2 protein chains.
Amino acid sequence: MNAKNAAALDKDLMSAGAFSLDQLMELCGLSICQAVYRLHPPSKGNKVLVACGPGNNGGDGLVATRHLFHHGYQPTVYYPKKTSHELYQRLSTQLKNLDIPFTDDFESSLKTTNYVVDAIFGFSFSGEVRDPFRSVIAALETTKTPILAVDAPSSWNIEDGPPSSGPGAKYNPEALISLSAAKPLVNYFEGRHFIGGRFLPPSVAKQYDLDIPDYQGDEQVVETAPTGRKATSEKVLKMAERQDL
Amino acid sequence: MNAKNAAALDKDLMSAGAFSLDQLMELCGLSICQAVYRLHPPSKGNKVLVACGPGNNGGDGLVATRHLFHHGYQPTVYYPKKTSHELYQRLSTQLKNLDIPFTDDFESSLKTTNYVVDAIFGFSFSGEVRDPFRSVIAALETTKTPILAVDAPSSWNIEDGPPSSGPGAKYNPEALISLSAAKPLVNYFEGRHFIGGRFLPPSVAKQYDLDIPDYQGDEQVVETAPTGRKATSEKVLKMAERQDL
């Protein structure tokens with residue numbers, strides 16, 4: 001689903017769908033937390049740095065941070081561009097009530113964390129990355145610390161994937177979680193891919209021509225088969241193997 | 001925690017805690033769904049009848065119903081006393097958008113369901129059960145269909161457990177889920193007991209002298225050791241066994 005449809009889907013969920021942003025964000029944030037848990041359980045190192053942008057992607061990150069705390073992690077939040085929306089203020093207060101540190105120095109925090117969640121930009125991002133996020137994305141691009149990106153590796157174009165130059169051109173996080181539905185950029189993504197947001201009504205899925213993922217048990221996330229160039233090359237490899245037979 | 005403290009805890013979570021009712025109910029409803037999943041997975045029969053009262057207990061039930069749908073169940077809702085609160089109207093719309101049937105005839109629906117969730121009255125209940133819930137509780141009291149009660153078996157007194165006579169006096173559901181914290185009535189409860197609501201800030205738990213349950217993995221519910229009279233008799237049995245040795 002492209003960026004326009006993703007925005008329309010969210011709007012439909014909150015108008016005819018009768019969801020509040022509080023509800024959707026709560027479930028999306030929990031999905032992110034569960035993906036982190038699968039990728040990097042707290043026993044492997046419980047420090048998680050969550051980078052939150054100014055929009056809904058950042059809001060999902062703030063909710064995920066709270067859930068990470070309740071799942072045995074010691075999260076730190078980087079949230080440099082705060083919005084005045086009352087929900088975001090409440091999400092921040094909820095984190096402060098848990099004594100979760102807010103850092104202003106992303107790069108220093110990155111050096112000591114075990115895992116990163118990139119909730120800077122989501123499907124509504126387009127154009128140029130501006131400060132302070134330019135240097136943050138440059139740091140994400142070069143770090144060896146594993147990263148889960150939320151809906152999009154930040155700086156990527158929703159349709160066309162990574163930018164051809166500048167910050168993000170070589171950014172390839174370990175994992176990506178698509179909320180509600182995968183966006184076209186997954187075709188350029190080579191890491192592990194999850195879908196979260198177990199709330200999509202079948203009528204809405206039909207309207208937007210989406211498949212509801214095959215969630216297992218009571219899980220809020222599902223890992224999909226590999227996507228992107230790696231998947232394509234794997235397919236080519238399999239075809240080649242078949243021809244060998 | 002007694003009824004007064006439970007009400008104060010909710011109030012604190014929504015004032016200083018900065019939670020919205022939407023958020024808390026979303027997580028409580030998901031906890032209820034996960035408890036049903038553990039007790040009675042959809043493979044054992046996926047028809048669940050959810051009885052919702054007019055207050056927050058009923059709201060938790062409405063949210064649980066939506067999650068049950070997304071977890072492979074075919075829920076039916078009994079919700080005879082609708083409130084005008086906009087959240088409850090949205091929760092109802094969300095269920096209607098999933099084509100979940102609302103029944104007016106609890107007793108007929110009870111005959112064909114595989115499982116029941118009792119979300120009629122919670123910790124704020126006291127006094128007399130009035131119609132239409134008198135006959136509903138009488139039906140719950142005699143059915144062989146397993147029931148999960150939310151926060152309290154409906155009609156039970158939060159402090160003193162089952163009423164000495166009238167509807168509910170012999171009501172003993174298969175299971176109980178306590179949201180946030182167990183209420184004193186668990187001392188009278190003999191079924192399986194779960195705690196849900198993985199969002200309690202440690203500072204609030206300390207203020208109310210509550211233990212945060214030892215949630216496992218990324219689960220939203222935890223089953224506790226047996227409570228109530230059965231637990232006591234088990235302890236006596238174990239002591240007797242030890243004396244035999």
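Keep in mind that what you see is a predicted model, and the values were worked out from it rather than measured.

S.K.: I would appreciate a short explanation of empty space enclosed by the protein in the present structure.
M.R.: If you roll a probe as big as a water molecule over the atoms, it shows you where there is empty space left. Applying the stated criterion to the full structure yields one cavity of 30 Å³ or more. Computed from the structure, the largest cavity encloses a volume of approximately 30 Å³. Around the largest cavity sit A:R66, A:H70, A:Q94, A:N97, A:L98, B:G17, B:F19, B:F199 and B:P201, which together line it. Partitioned by chemical class, the residues of the lining of the largest cavity number four nonpolar, four polar and one charged.

S.K.: How should I be thinking about the UniProt feature "binding site: K(+)" (unreviewed entry) in chain A in this particular structure?
M.R.: All names here are of chain A. Feature annotation in UniProt assigns "binding site: K(+)" (unreviewed entry) to the following positions: N57, D118 and S154. A maximum C-alpha distance of 9.9 Å places the annotated residues, which cover 98 residues in sequence, within one compact spot. With respect to the helices and strands, D118 occurs in strand β4 (residues 115–119). Excluding residues that lie within four positions of it along the chain, D118 makes contacts with A51, N57, L140, I147, L148, A149, V150, A152, P153, S154 and Y171. Tracing the sequence through the fold places S154 in the loop between β5 (147–150) and β6 (175–179).

S.K.: In this structure, what is going on with the relation of the copies chain A and chain B? I would like to understand it.
M.R.: Between the two copies of this chain, the relationship is a rotation about some axis together with a displacement along it. Mapping chain A onto chain B leaves a residual RMSD of 0.0 Å; the transformation is a rotation of 180 degrees accompanied by 0.0 Å of translation along its axis. As the rotation angle and translation indicate, the two copies are arranged about a two-fold axis.

S.K.: I tried to follow helix α4 (residues 86–96) of chain B on my own but got confused; where do I start?
M.R.: Count 3.6 residues to each turn of an α-helix, and residues three or four apart come out pointing the same way. Turning to α4(B), its buried residues are B:L87, B:Y88, B:R90, B:L91, B:S92, B:Q94 and B:L95. Taken together, the buried residues of α4(B) touch α2 (21–39) of chain A together with α2 (21–39), α3 (56–70), β2 (74–78) and β3 (102–103) of chain B.

S.K.: Would you take a moment to explain the sheet that holds β4(A) for this structure?
M.R.: Hydrogen bonding along the main chain pairs the strands of a sheet, whether they run parallel or antiparallel. All names here are of chain A. Spatial ordering of the open sheet is given by β3-β2-β1-β4-β5-β6-β7-β8, a layout of eight strands whose pairing is mixed. Each edge of the open sheet carries a strand with a single partner, namely β3 (102–103) and β8 (221–223). When strand β7 (residues 192–196) meets β8, the two strands line up antiparallel, connected through three bridges. In the strand pairing of β8, I195 is matched with V222. Along the sheet, α2 makes contact with β4, β5, β6, β7 and β8, crossing β6 at roughly 155 degrees.

S.K.: Before we go on, may I ask you to explain the sheet that holds β3(B) in this structure?
M.R.: Residue and element names in this part refer to chain B. The eight strands lie next to each other as β3-β2-β1-β4-β5-β6-β7-β8, forming an open sheet whose pairing is mixed. What marks the edges here is a single partner per strand, and that holds for β3 and β8 (221–223). Pairing of strand β1 (residues 47–52) with β2 involves five bridges; the strand directions are parallel. Across the sheet, V48 pairs through a bridge with P75, a residue of β2. Where α2 meets the sheet, it contacts β4 (115–119), β5 (147–150), β6 (175–179), β7 (192–196) and β8, and its direction lies at approximately 155 degrees from that of β6.

S.K.: How should the interface of chain A and chain B be read in this particular structure?
M.R.: Accessible area lost on assembly of the parts is the figure often given for the size of an interface. Across the boundary between the two partners, chain A contributes 34 residues, which contact 34 residues of chain B. Roughly 2,800 Å² is buried in total at the junction of chain A and chain B, and carbon and sulfur atoms are behind 54% of that figure. Per-residue buried area on chain A facing chain B is highest for A:Q23, A:H70 and A:D218; these three make up 20% of the total on that side. The closest approach of N and O atoms between A:R38 and B:D218, which form a salt bridge, is 2.8 Å. Connecting chain A to chain B are 26 residue pairs in polar contact (both at pLDDT 80 or more). Looking at the side of chain A that touches chain B, the elements that each hand over two or more residues are α2, α3 (56–70), α4 (86–96) and α7 (202–207) of chain A. Considering each element in turn, the side of chain A that touches chain B owes the most residues, eight residues, to α2(A).

S.K.: Would you take a moment to explain α2(B) for this structure?
M.R.: An ideal rise of 1.5 Å per residue puts 27 Å on 19 residues; α2(B) measures up with 27 Å between its terminal C-alpha atoms. Of all 19 residues that make up α2(B), 17 are buried, and the element is covered over most of its length.

S.K.: Just checking my understanding: could you explain the packing of α2(A) against α2(B) for this structure?
M.R.: The relative placement of two packed helices comes down to the angle between their axes together with the axis-to-axis distance. Two elements in contact, α2(A) and α2(B), have axes whose closest approach is 8 Å; the angle formed by their N-to-C orientations is 50 degrees. By the angle between their directions, the pair α2(A) and α2(B) is classed as oblique. When the axes of α2(A) and α2(B) are compared, the crossing they make is right-handed. Of α2(B), the residues touching α2(A) (which contributes A:D22, A:Q23, A:E26, A:L27 and A:L30) are B:D22, B:Q23, B:E26, B:L27 and B:L30. The class makeup of the residues in the contact of α2(A) with α2(B) is four nonpolar, two polar and four charged.

S.K.: It is not clear to me how the state of the cysteines should be interpreted in this structure. Could you clarify?
M.R.: By definition, a disulfide links the sulfur atoms of two cysteines through a covalent bond. Counting across every chain of the model gives zero disulfides over all chains. With no disulfide of its own, A:C33 lies closest to A:C28 among cysteine sulfurs, the gap being 13 Å. Free cysteine B:C52: the closest other cysteine sulfur is in B:C33, separated by 13 Å.

Parameters and conventions
- Residues numbered from 1 in each chain as written.
- Chains lettered and ligands numbered in written order.
- Predicted model: local features only at pLDDT ≥ 70, side-chain atom pairs only at ≥ 80, totals over all residues.
- Heavy atoms only, no water.
- 1 Å grid on protein atoms, 1.4 Å probe; cavity = no way out; pocket = protein on both sides within 12 Å on 5 of 7 lines; lining within 4 Å.
- Points joined across faces, edges and corners; volume = space filled by probe spheres on them.
- Nonpolar A, V, L, I, M, F, W, Y, C, P; charged D, E, K, R; others polar.
- UniProt positions renumbered as here; feature names shortened; annotations may be inferred.
- Helix = DSSP H or I, 4+ residues; strand = E, 2+ residues; numbered from the N terminus.
- Contact = heavy atoms within 4.5 Å.
- Least-squares fit on C-alpha atoms with pLDDT ≥ 70 in both.
- Buried < 20%, exposed > 50% of the residue type's maximum accessible area, 1.4 Å probe, protein only.
- Pairing = 2+ DSSP bridges.
- Axes fitted to C-alpha atoms, helices over the stretch in contact; angles between N-to-C directions.
- Buried area = accessible area lost by both parts, 1.4 Å probe.
- Salt bridge = Lys/Arg side-chain N within 4 Å of Asp/Glu carboxyl O.
- Polar contact = N/O pair within 3.5 Å; in protein donor to acceptor, adjacent residues only side chain to side chain.
- Expected span 1.5 Å × (residues − 1).
- Parallel < 35°, antiparallel > 145°, perpendicular 65-115°, else oblique.
- Left-handed = near helix turned anticlockwise from the far one by under 90°.
- Disulfide = S-S within 2.5 Å.

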